[in-house]
Amino acid sequence: MKNVIFYFSGTGNTYWAAKTTAQLIGNCKLINIAKFDCSQKIKAERVGIFFPVYFWGLPNILKRFASNVNIESGFVFELHTMGGYEGVSVKQLEKYLSEKNIKLSSSYHIKMPNNLAQISRYNVLSDVCRIPDDAKIISLISKAKKKLKVFSRQIRNKQPHKNTDLFFVLHKYGYYLNEHQSAGFAGKGAAFEAALENTCTGCGKCSRVCPVSNITIVSGRPVWGNNCEFCSACLNNCPVKAINYGYSKGKRRYVFPHCRKKL
């Protein structure tokens, strides 16, 4: 196998970045981390790991993946999408991979539209975490396309590239925030279920778009299991905005323009 890109995506940003990069570098197989059996050994000339940043760090599913994946490659790279800051995500990934004797050769990031409808407008980070308007979305995606072309050329040439957010890496709060928030992600599904509004039509879209198959439809109503990754795919895809969390009620929703189906 020439090239492989693993990805995890909730509302489509990271899937789009992975698919676009795969097309640009060529001869590349895309693998959905949520569907991958880590007991399989992956051997390829180049292996990429694409993920969104959650609370300044890795999503739980990436921690599990990086702790168990079996990769044999001379060039392992990562690309993370983010609405705000990359935080300690690269350092976390490097740590997990190093424990599997896997060296991270290059890292890249692109800023994409945020999907956090649930943040309060009074939050100090609301300007970087709020869902942008349509004009800003178009601008962010356009800039991301240009960056992916540059990154893909570097990947084809196996050119080392590193980016590190020193502010977060040098301050323990970045690690604390990610670990503290991540610890409660599995139980977030119960919060979605508790806040479900009567406007829910039981259409089942939330179940279809959940990347980890954590939602089932029972008697015309969605029921969340215990494997929520807090990706917000269900909340952002609900056609009647019946799914809410935190301060999301009445706010804009976001799904990548070309990713309005199950990834």
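For the structure itself, consult the block above.
Read on for an overview of the structure. Worth saying up front: this structure is predicted, and the values here are computed from it rather than measured.

Mapped onto the elements of the fold, valine 240 is located in the segment after α10 (233-237). Classification of valine 240 by relative accessible area gives partly exposed; the value is 37%. C-alpha separation for the pair valine 240 and threonine 201, spaced 39 residues apart in sequence, amounts to 8.0 Å. Once residues within four sequence positions are removed from consideration, valine 240 is found in contact with Thr199, Cys200 and Thr201.

This part is about the pattern of salt bridges. For side chains bearing opposite charge, pairing can occur when the charged atoms are close. Summed over all chains, the structure comprises eleven salt bridges. We note a salt bridge from glutamate 45 to lysine 158, for which the minimum N-O separation is 3.1 Å. Separated by 113 residues along the polypeptide, glutamate 45 in the loop between β3 (41-43) and β4 (46-52) and lysine 158 in the loop between α5 (134-156) and α6 (166-169) bring together distant segments of the chain. Residue lysine 158 is classed as partly exposed on the basis of its relative accessible area, which comes to 35%. Between glutamate 99 and lysine 95 there is a salt bridge whose closest N-O contact spans 3.1 Å. Several salt bridges share partner residues, and in doing so they unite Lys2, Glu45, Arg46 and Lys158 into one network.

What follows concerns the sheet that holds strand β6 (residues 75-82). Pairing is parallel across the open sheet formed by five strands, whose spatial order is β2-β1-β4-β6-β7. In this open sheet, the two edge strands, each paired with only one partner strand, are β2 (28-32) and β7 (106-111). Going from strand to strand, the sheet's axes swing by 20° on average, the running direction of each strand aside. Across the face of the sheet, α5 comes into contact with β4, β6 and β7 while running at roughly 170° to β7.

The residue asparagine 115 is located in the loop between β7 and α4 (126-129) in this model. At 3.1 Å, the side chain of asparagine 115 forms a polar contact with the side chain of threonine 11. Looking at asparagine 115, its side chain comes within polar contact range of the main-chain oxygen of cysteine 231, at 3.2 Å.

In the structure shown here, the tally under the stated rule is 13 aromatic pairs. With a centroid separation of 5.1 Å and 25° between ring planes, the pair formed by tryptophan 16 and phenylalanine 256 is classed as stacked. Remark: phenylalanine 256 occurs in the segment after α10 and tryptophan 16 occurs in helix α1 (residues 13-25); sequence separation between them is 240 residues. A residue is classified by how much of its surface remains accessible, and tryptophan 16, at 11% relative accessible area, is buried.

Turning to the packing of helix α2 (residues 60-68) against helix α3 (residues 89-98), a few remarks are in order. Packed helix pairs are characterised by how far apart their axes lie and by the angle those axes make with each other. Interhelical geometry of α2 versus α3 gives an angle of 30° and a closest axis separation of 7 Å. Taken together, the axis directions place α2 and α3 in an arrangement best described as roughly parallel. Where α2 crosses over α3, the two elements pack in a sense that is right-handed. On α3, the residues that touch Lys63, Ala66 and Ser67 of α2 are Gln92, Leu93, Tyr96 and Leu97.

Glancing now at the packing of α1 against α5. For the pair α1 and α5, the least separation of the axes is 9 Å and the interaxial angle reads 45°. Compared by their axis directions, α1 and α5 come out oblique. Regarding α1 and α5, the two cross each other, and that crossing is right-handed. Contact residues: Trp16, Ala17, Thr20, Thr21, Leu24 and Ile25 in α1; Ile141, Ala144, Lys145, Leu148, Lys149, Ser152, Ile155 and Arg156 in α5. Taken together, the residues of the contact of α1 with α5 break down into eight nonpolar, three polar and three charged.

The subject of this paragraph is the environment of tyrosine 108. By the secondary structure assignment, tyrosine 108 is in strand β7. Along the primary structure tyrosine 108 and threonine 81 are separated by 27 residues, whereas in three dimensions their C-alpha atoms are 8.8 Å apart. Residues in contact with tyrosine 108, not counting those within four places in the same chain, are Phe75, Phe77, Glu78, Leu79, His80, Phe151, Gln154, Ile155, Gln159, His161 and Asn163.

Burial in α3 covers these residues: Ser89, Val90, Gln92, Leu93, Tyr96 and Leu97. For α3, the buried positions fall inside an angular range of 160° around the axis, keeping them on one side.

What counts and how
- Residues numbered from 1 in each chain as written.
- Predicted model: local features only at pLDDT ≥ 70, side-chain atom pairs only at ≥ 80, totals over all residues.
- Heavy atoms only, no water.
- Helix = DSSP H or I, 4+ residues; strand = E, 2+ residues; numbered from the N terminus.
- Buried < 20%, exposed > 50% of the residue type's maximum accessible area, 1.4 Å probe, protein only.
- Contact = heavy atoms within 4.5 Å.
- Salt bridge = Lys/Arg side-chain N within 4 Å of Asp/Glu carboxyl O.
- Pairing = 2+ DSSP bridges.
- Axes fitted to C-alpha atoms, helices over the stretch in contact; angles between N-to-C directions.
- Polar contact = N/O pair within 3.5 Å; in protein donor to acceptor, adjacent residues only side chain to side chain.
- Phe/Tyr/Trp six-rings, centres within 6.5 Å; stacked < 30°, edge-to-face > 60°.
- Parallel < 35°, antiparallel > 145°, perpendicular 65-115°, else oblique.
- Left-handed = near helix turned anticlockwise from the far one by under 90°.
- Nonpolar A, V, L, I, M, F, W, Y, C, P; charged D, E, K, R; others polar.
- Arc of directions from axis to C-beta.

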